[in-house]
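What the coordinates show
Here's the letter readout for the chains.
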Amino acid sequence: MSTTMDSGEEIGALDTIRRGVHFSPELKEGIWGTLALAVVASVGQVIVPIAVQQTLDRGLARSGGPDLSFTVWMGVVAAAALLLTSWASYAMTARLFSTSERGLATLRIKAFRHVHDLPLLTQNTERRGALVSRVTSDVDQVSQFLVFGGLLFVVSVGQVLIATIVMLFYSWQLALVVWVCFAPLFLSLRFFQRKLSEAYGTVRRQVGIMLSAISEPVVGAAVVRSYAVEARTQARIDEAIATHQSASTRAQGLTAFSFSLGGVSAGLANAGVLIVGIWLGFAGNISAGEVLAFAFLVTLFVGPVQMGTQILTDAQNAIAGWRRVIGILETPADLVDPGPDGQVLPRGPIDVRFDDVEFAYPGGPPVLRDVTLEIDAGRRVAIVGETGSGKSTFAKLLTRLMDPSRGAVLLDGVDVREIGEASLRRSVVLVPQEGFLFDDTLRANVRYGKLDATDAEILGSADELGLTDWVAGLPRGLDTLVGQRGESLSAGERQLVALLRAHLADPDLLVLDEATSAVDPQLEMRIGRALERLMSGRTSVTIAHRLSTAEAADEVVVVDQGRIVQRGHHSALAAEAGSVYSGLHASWVSQQGKP
Amino acid sequence: MSDERADGRGSTRAGFAVLLVAIKREPWIFTLSTLGSVLFGALTVADAWVLGWSTDHVVLPAFKTGEVGTGSLVAILALFLGVAILRAVGIVARRLGAGIMQYRMQASTRRAVTRQYLSLPMAWHQRHPTGELLSNANSDVEAAWGPIAPLPMAVGTVAMMVIAVAQMLFADLVLAVVGLLVFPAVIAVNVTYQHLAQGWMTRAQQLRAEVSEIAHESFDGAMVVKTLGREPEETARFAAKAEELRDVNIRVGRIRAAFDPALAALPGLGVLFVLAVGVSRVMSGATDAGDVVTVAYLLTIVSFPIRSIGWLLGEFPRSVVGYRRVSAVLAATGDMPYGDRSAVRGADGARLDVEALGYRYVPDQPLIEDLSFSVDPGRTVALVGATASGKSTITTLLTRLVDPDRGRVAVDGVDLRELAAGELASTVSIVPQTAFLFDDTVRGNITLGVDVTDADVWAALRTAQADGFVAALPHGLDTQLGERGTSLSGGQRQRISLARALVRRPRLLILDDATSAVDPEVEARILAGLREAGAGSTLVVVAYRKATIGLADEVLHLEGGRIVDRGTHAELLSRSPSYARLVNAYEQEEVTT
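Definitions and cut-offs
- Residues numbered from 1 in each chain as written.
- Chains lettered and ligands numbered in written order.
- Predicted model: local features only at pLDDT ≥ 70, side-chain atom pairs only at ≥ 80, totals over all residues.
- Heavy atoms only, no water.
- Helix = DSSP H or I, 4+ residues; strand = E, 2+ residues; numbered from the N terminus.
- Rg over C-alpha atoms; globule rule 2.2 N^0.38 Å.
- Buried < 20%, exposed > 50% of the residue type's maximum accessible area, 1.4 Å probe, protein only.
- Contact = heavy atoms within 4.5 Å.
- Areas by Shrake-Rupley, 256 points an atom, 1.4 Å probe, with all protein chains shown as cover.
- Lys, Arg positive; Asp, Glu negative; His and termini not counted.
- Charge placed at Lys NZ, Arg CZ, Asp CG, Glu CD.
- Pairing = 2+ DSSP bridges.
- Buried area = accessible area lost by both parts, 1.4 Å probe.
- Salt bridge = Lys/Arg side-chain N within 4 Å of Asp/Glu carboxyl O.
- Polar contact = N/O pair within 3.5 Å; in protein donor to acceptor, adjacent residues only side chain to side chain.
- Nonpolar A, V, L, I, M, F, W, Y, C, P; charged D, E, K, R; others polar.
- Axes fitted to C-alpha atoms, helices over the stretch in contact; angles between N-to-C directions.
- Parallel < 35°, antiparallel > 145°, perpendicular 65-115°, else oblique.
- Phe/Tyr/Trp six-rings, centres within 6.5 Å; stacked < 30°, edge-to-face > 60°.
- UniProt positions renumbered as here; feature names shortened; annotations may be inferred.
- pLDDT = per-residue confidence, 0-100.
- Patch = residues over 30% accessible without salt bridge, like charges linked within 9 Å, V, L, I, M, F, W, Y side chains within 5 Å.
- Core = buried A, V, L, I, M, F, W, Y, C linked by side-chain atoms within 4.5 Å.

We now examine the overall build of chain A. A count of helical and extended segments in chain A gives 20 helices and 10 strands. For 595 residues, the compact-globule estimate of 2.2 N^0.38 gives 25 Å, and the C-alpha radius of gyration of chain A, at 35 Å, exceeds that figure by more than 25%. Taken over the C-alpha atoms alone, chain A extends approximately 120 × 50 × 45 Å along its principal axes. Evaluated residue by residue, chain A yields a buried proportion of 60% over its 595 residues. Across chain A, contacts joining residues at least 24 apart in sequence account for 77% of those joining residues at least 6 apart. A total accessible area of about 22,200 Å² is found for chain A, and carbon and sulfur atoms account for 59% of it. Charge separation in chain A, taken as the distance between the mean sites of 51 positive and 61 negative side-chain charges, equals 4 Å.

What follows is the structure, given as structure tokens:
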């Protein structure tokens, strides 16, 4: 199991593009047609200078005096050609927008889907904000590059080549002069690209850090306020803002400097062309008109060179973004869905078996080991143990939120890794301690357990769990808006919603992980009784620190330091003097104020 | 959509108004970058002049006479190179200046926005989703100051155009007028583009925010999504928005695809027209070839920068939307004013008085009604009541996360509203039900900048029963915790949060069911530790468990935001059946089992 997300930083630029196209096959659609249009479009840029040259040489400087009809004829042809190439340019860009946006939507959706397949471990290690930015702003940056960069770069290179060929056609000596003048620029390009790549990489990281700092007073508003740490929080934010600002400014300075070099090369080339042109003219190799046309050709050469360097600069940002998205997609999903080969669990209570299971986080000691356990179908089992004993790990393995490092977890005799994801989630439901709610109505949140549940079904579930009064007491009943993360409700109420969800989901194996820790004892006991009804006809595993749950279970499994140390019925275990369970029970009893 | 389009015309004016704000704030750097841009523009024009000059004075004579002086060649080199270098200086000044200006505006706006987040009361925060506030501070700020990047270029372009036009007029009046016909055409294309693109661009911005919100929420709730196997539905929800964004982007793209070549073709057509007219004028002897070349060249050169004005105007709709959203945050009121009184310092407990407190959450939410109680220094009061009876709301009133609608809360006789900023926190600490941890080290999370020794931190951790697992962390106190402490378990987070309160030795400590995720044995040890370490402190606890309630000198039994009974635990048990049912639930369960 990997601990970190693949940041993709080691992937080279061309490799990034290749892999990117692999994930977004739309990008290849009609590429040859688009390229053909691009070639036609770029011809448009040559038309005017050629018309100028022709007009100067044959219209204006003709030996018999200027030729108006030739000039007009030339102008009409050039204008028509210009309109045609402009249309080609429109068609090319429109096609690019279409393929890029379609390709990126695919990439975005694939990446989003894949994030949900990444192990929870990874989701905890990485910051959520960074994950979000990978399917939003990172993708947006690629879009700019694909439309205004990728193909235009190819076109720019093509234009440079065409300009060179045209220049060679006029005068190979002058073409050489131009290339010699630009040589230092081309040679320094690689160096500047590396610098820029570093600079923009820093900017990107700083954006993440800054957003994380800014989110603190938003998400933690209550703590910041009640501890009066506004000044400290602001200082941390200000520092992040300042660091981002200076990183951005640095990258901008580098961009400006590297961009300005192209202009100097152009000046040098212009002067060189005229000087060498005159010299060549003396040797009778070239006419005045050709030298002047060459001066125009140099702008033809300079334009795409500047465009190309600009694209390479912007590409550093985009490639970095693309890398990050690809990095997500290439991070292996630890929990691989067997897909169509996946087995389907039959309905009805599930038989659970842990076969010599061990689990360790990467590089860490085992947090659960030597676990061999059989839970017969329909039994109610309670898992108890101190915080950190491994009982939550047990629940995560059972519900396949993680896979064991060794051994196997079997449901109805089938290894969970071989059960189809849809069937597994249909049959096995975990109710976690902190019930996350979506910013929507109570109804929508409960329906998360059964998407097509009617109001009658929801109210029926509430009735069975003894929650009718609670639902009725809410200001708008099922239409009550629960707020972000459900924060308009209390922690206890959020747990109630999670239980309703599970009830509607109607699982065959129900796993409760401290599912009622935040509700009051009276309600907890009431729910407990209701849950017992819910558990009948199903297998259930309950993780609880309130031993009242354990007392009601068919069997109690005691976990200590990653191993199962005791098993049996509550009364038998409590009687074993000096055992882990009797210790837990004693402190529970004393807390309840019992004698 | 139609509204946004109708808004389009006004947004050009509003866009200039936003830019004016930036220019007023950063006049010097704006001047510098504009000068850079003007320099660049002037020298681009000078380039054409150098070419024209070289043509007329060096190249053509040289070809005519067959000889050229070294001085002329050196002049060409010096002129071209000098112009190029100065132009490079102009580029750096323009781009770097624009960057500095843009990032400064971004930074200062972000500082202002986050200061608002820190000063606006909880009630305001509850009304605004996290995703929205983050995008206010991030993408809205970026959008608002987006036009700064092309601004100097556009201003410089105007200067360049003025110079170029003057040059053209100087070269040949008639040809210049012919060439200038390009400008109204450019403006017409621009206006059409703005009109067509604006609405879709605004929509695209909105959709970006919505895509981001869905991703944020879905990843936030990944546990629920996974355990209920709802990935396909979540993906469908995300895909629907992503595809809507894609379609809008393609529409914007199609408009943009038409705009760029149209703008690029106009000067080309102008050049061809100038040539035709130029040749006829040369034939009639009204002008010479050099002037025709100059005007044609100037027109070619001006054509590209003209687009920068288009880029500037193209940024306006986004900028105005962003600026308005940011301004709404900056203009938000409802700030809680602080008084100027200081809190009592000392090691003894604080006195707490709650008098006739009334509070209405958001209109639909439960009420606190006519709540009165007092806690003498060093005493412990337990708030006991069913789920959603208003206990947590009371703790937010006691710590002044919200102000009451009626009545008052006083610590040591001073109304909380009269205390100066930061004074309350020096006296009162709360441990909330759901622990919030900062993206910081363990030490940083506990001290939050308060100057305490590591020994004090460890003592607080010991009382909170957190010393064991903190010591086992890879870097002990220096271990960096992840965002919202996700790498720790719920119980461990609660204990860090508890240590944060304890290290301050508060005179009034409020625990809001702060040990709900901790197992009973550990909780028992925490309570024992609190009894020793918290000696002297006044304590208000929200609790369900009898061991915790047992600490209290007085118990307030709450139902529906009112106190229905008060007394010692034993008194309430004996006289209140509903109280007994609530706290004895576990035992009664055993009796019935």
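Take the pairing of strand β7 (residues 508-512) of chain B next. Residues and elements named next belong to chain B. Counting buried positions along β7 yields five of five residues, so the element is predominantly enclosed. The alternating pattern of β7 places L508, I510 and D512 on one face and L509 and L511 on the opposite face, and all of these are buried. Two strands pair when backbone bridges link them, and β7 and strand β8 (residues 538-542) are joined in this way by five bridges, in the parallel orientation. The residue of β8 that forms the bridge with D512 is V542.

Glancing now at the interface of chain B and chain A. Listed per partner, the contact involves 163 residues of chain B and 156 residues of chain A. Both sides of the chain B and chain A interface together cover about 14,800 Å² of buried area, and 68% of this is carbon and sulfur. Across the contact surface, chain B and chain A share three salt bridges. Taking the shortest distance from any N to any O, the salt bridge between D238 of chain A and R115 of chain B comes out at 2.9 Å. Inspection of the chain B/chain A interface yields 16 residue pairs in polar contact (both at pLDDT 80 or more). Looking at which element gives the most residues to the side of chain B that touches chain A, the answer is helix α11 (residues 231-283) of chain B, with 31 residues. Looking at side-chain class alone, the side of chain B that touches chain A contains 82 nonpolar, 38 polar and 43 charged residues.

This next bit is on the packing of helix α16 (residues 491-505) of chain A against helix α17 (residues 521-535) of chain A. Residues and elements named next belong to chain A. The contact between α16 and α17 brings their axes to 12 Å, and the two run at 10°. Classified by the interaxial angle, the pair formed by α16 and α17 is roughly parallel. From α16, L496, L499 and H503 reach across to α17, where they touch L523, I527, L531 and L534. Residue composition of the contact of α16 with α17, by class: six nonpolar, one polar and no charged.

Here the focus is the side chain of E26 of chain B. Residue and element names in this part refer to chain B. Along the polypeptide, E26 turns up in the loop between α2 (8-25) and α3 (27-65). A distance of 3.0 Å separates the side chain of E26 from the side chain of R104, its partner in a polar contact. Excluding residues within four positions of it along the chain, E26 makes contact with M101, R104 and M105.

Residue and element names in this part refer to chain A. One pass over the structure, following the stated rule, counts 16 aromatic pairs over all chains. A ring pair is formed by F192 and F257, whose centres lie 5.9 Å apart and whose planes are at 55°; its orientation type is tilted. Of this pair, F192 sits in helix α7 (residues 172-219) while F257 sits in helix α9 (residues 230-282), placing them 65 residues apart in sequence. Judged by relative accessible area, which is 44%, F257 ranks as partly exposed. Ring pairs connect the aromatic residues W179, F182, F186 and F301, which therefore count as one cluster.

Residues and elements named next belong to chain B. Those residues carrying the UniProt feature "transmembrane region" (unreviewed entry) are residues 28-51, 71-93, 148-167, 173-193, 263-283 and 295-314 in this numbering. Structurally, residues 28-51 comprises 100% helix and 0% strand, and the distance from its first C-alpha atom to its last is 34 Å. Secondary structure content for residues 173-193 is 95% helix and 0% strand, while the C-alpha to C-alpha distance between its ends is 31 Å.

The subject of this paragraph is the confidence of the model for chain B. All names here are of chain B. Residues with a pLDDT of 70 or more make up 93% of chain B, whose mean pLDDT is 83. Of all helices and strands in chain B, the one with the weakest mean pLDDT is helix α1 (residues 2-6) (38), whereas helix α16 (residues 454-463) scores best (93). Note on residues 1-8: pLDDT is under 50 here. Beyond four places in sequence and across chains, it has 11 contacts.

Residues and elements named next belong to chain B. Within the open sheet, the four strands sit side by side as β2-β1-β4-β5. Their pairing is antiparallel. For this open sheet the edge positions go to β2 (367-375) and β5 (414-415), each flanked by a neighbour on one side alone. Sheet contacts for helix α13 (residues 391-398): β1 (352-360), β2 and β4 (406-411); angle to β1, the most-contacted strand, approximately 120°.

Residue and element names in this part refer to chain A. Across the sheet, six strands lie side by side as β6-β7-β8-β3-β9-β10; this open sheet has mixed pairing. Only two strands of the sheet have a single partner each, and these edge strands are β6 (428-431) and β10 (563-568). Here the strands of the sheet are splayed against their neighbours by 15° on average, with no regard to which way each runs. Relative to strand β8 (residues 539-543), strand β7 (residues 509-513) runs parallel, the two being bridged by five bridges. Residue pairing for β8: L512 is matched across the bridge by T542. Across the sheet, helix α11 (residues 391-398) lies against β3 (380-384), β6, β7 and β8, angled at about 150° from β8, the strand it touches most. The sheet strands contacting α16 are β6 and β7, and the helix crosses β6 at an angle near 170°.

To continue, consider a positive patch on the surface. Residue and element names in this part refer to chain A. Taken together, the side chains of R190, R194, K195 and R250 present a region of like positive charge at the surface. Residue contributions to the positive patch peak at three residues, all from α7. With respect to the helices, strands and loops of the structure, R190 is situated in helix α7.

Turning our eyes to something else, we now look at the environment of Y90 of chain A. You can see Y90 of chain A is positioned in helix α3 (residues 68-117). Residue classification places Y90 of chain A among the partly exposed positions, given a relative accessible area of 28%. Beyond its immediate chain neighbours, meaning those up to four positions away, Y90 of chain A contacts R254, A257, A258 and P261 of chain B.

Counting residues in each nonpolar core, the largest one holds 84 residues, and the members touching the most others are L352, L461, I496 and L511 of chain B. It is helix α18 (residues 490-502) of chain B that contributes the most residues to this core, five residues altogether. The contacts of L511 of chain B, once residues within four sequence positions are left out, are V431, L498, L530, L539, V540, V541 and V542 of chain B. Membership of the second largest hydrophobic core comes to 75 residues, among which are Y170 and F294 of chain A together with F80 and V83 of chain B.

This next bit is on unusual backbone geometry. Of note in the backbone geometry, D412 of chain A takes a positive phi value of approximately 50° without being a glycine. Relative to the helices and strands, D412 of chain A resides in the loop between β4 (406-411) and β5 (414-415). In this model, D513 of chain B sits at a positive phi of 50°, which is unusual for a non-glycine residue. With respect to the helices and strands, the residue D513 of chain B is situated in the loop between β7 and α19 (520-533). Judged by its relative accessible area of 8%, D513 of chain B is buried.

So, about the pairing of strand β9 (residues 555-560) of chain A. Across a regular strand the side chains alternate sides, sitting on one face of the sheet and then on the other. All names here are of chain A. Taken across its six residues, β9 has five buried, putting it largely inside the fold. In this structure, β3 lies alongside β9, joined through four bridges in parallel fashion. Bridge pairing links V381 to E555 in β9. Note that β9 and β10 share five bridges and pair antiparallel. Counted as the bridge partner of V558 is Q566 from β10.

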